[in-house]
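# Structural features, examined
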Amino acid sequence: MTDNQDTTEEAEETERTIIKSGREFEKEYRLDATEAGEFLIRLGEQLRDDDELRIVDEKWELPFAFGEPIELEIDFDGVGDPELEIELELPGRTDQKGPDVR
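Residues numbered from 1 in each chain as written. Predicted model: local features only at pLDDT ≥ 70, side-chain atom pairs only at ≥ 80, totals over all residues. Heavy atoms only, no water.

The protein chain carries the name Amphi-Trp domain-containing protein in an unreviewed UniProt entry, which gives Haloferax larsenii as its organism.

With that settled, the discussion passes to the sheet that holds strand β1 (residues 17–18). Read across the sheet, 3 strands follow the order β1-β3-β2 without closing on themselves; strand pairing throughout is mixed. Strands at the two margins of the open sheet, each flanked by one partner only, are β1 and β2 (52–56). Pairing geometry for β2 and strand β3 (residues 60–65), over 5 bridges, is antiparallel. Looking across to β3, one finds that Glu-52 is bridged to Ala-65. (Pairing = 2+ DSSP bridges. Helix = DSSP H or I, 4+ residues; strand = E, 2+ residues; numbered from the N terminus.)

In this section: the environment of Leu-43. Residue placement: Leu-43 occurs in helix α2 (residues 33–49). Sequence separation between Leu-43 and Arg-54 is 11 residues, and the spatial gap between their C-alpha atoms is 8.9 Å. Leaving out residues up to four positions away in the same chain, Leu-43 has contacts with Leu-53 and Leu-88. (Contact = heavy atoms within 4.5 Å.)

Moving on, we get to the side chain of Arg-16. Tracing the backbone shows Arg-16 in the loop between α1 (3–15) and β1. No salt bridge is formed by the buried Arg-16, whose closest oppositely charged neighbour, Glu-61, lies at an N-O distance of 4.1 Å. Within the structure, Arg-16 has its side chain in polar contact with the backbone oxygen of Asp-57 (distance 3.0 Å). When neighbours within four sequence positions are excluded, Arg-16 is seen to be in contact with Arg-54, Val-56, Asp-57, Glu-58, Lys-59, Trp-60 and Glu-61. (Buried < 20%, exposed > 50% of the residue type's maximum accessible area, 1.4 Å probe, protein only. Lys, Arg positive; Asp, Glu negative; His and termini not counted. Salt bridge = Lys/Arg side-chain N within 4 Å of Asp/Glu carboxyl O. Polar contact = N/O pair within 3.5 Å; in protein donor to acceptor, adjacent residues only side chain to side chain.)

The step from Glu-68 to Pro-69 runs through a cis peptide bond, and the omega angle for that step is 5°. Along the chain, Pro-69 falls in the loop between β3 and β4 (71–77).

Glancing now at a negative patch on the surface. Among the surface-exposed residues, Glu-71, Glu-73, Asp-75, Asp-77, Asp-81, Glu-83, Glu-85 and Glu-89 lie close enough to one another that they form a single negatively charged patch. Counting residues per element, the ones that place at least two in the negative patch are β4 and β5 (83–89). Within the secondary structure layout, Glu-83 lies in strand β5. (Patch = residues over 30% accessible without salt bridge, like charges linked within 9 Å, V, L, I, M, F, W, Y side chains within 5 Å. Areas by Shrake-Rupley, 256 points an atom, 1.4 Å probe, with all protein chains shown as cover. Charge placed at Lys NZ, Arg CZ, Asp CG, Glu CD.)

As structure tokens, then:
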């Protein structure tokens, strides 16, 4: 990679909006199964290997330090047009420590 390509990639990263605490953010995507599967695999690998997620789009970046327990909800609606909903809720990690007992 050339120095010019490095500079371009760095500029693109710095132009992204960083989604921080104290702000609400929501973005919805309509993907095919392959794209959704790839996203879930990468998300799962981050959950397994790290204690912070970093989700990135062309215009924004969302770093999130998560805690435990993680809530997983599976909801199946088989009436009419069947639908399966899988929801993952990650609590934010706190750096607070409990008080001392003396």
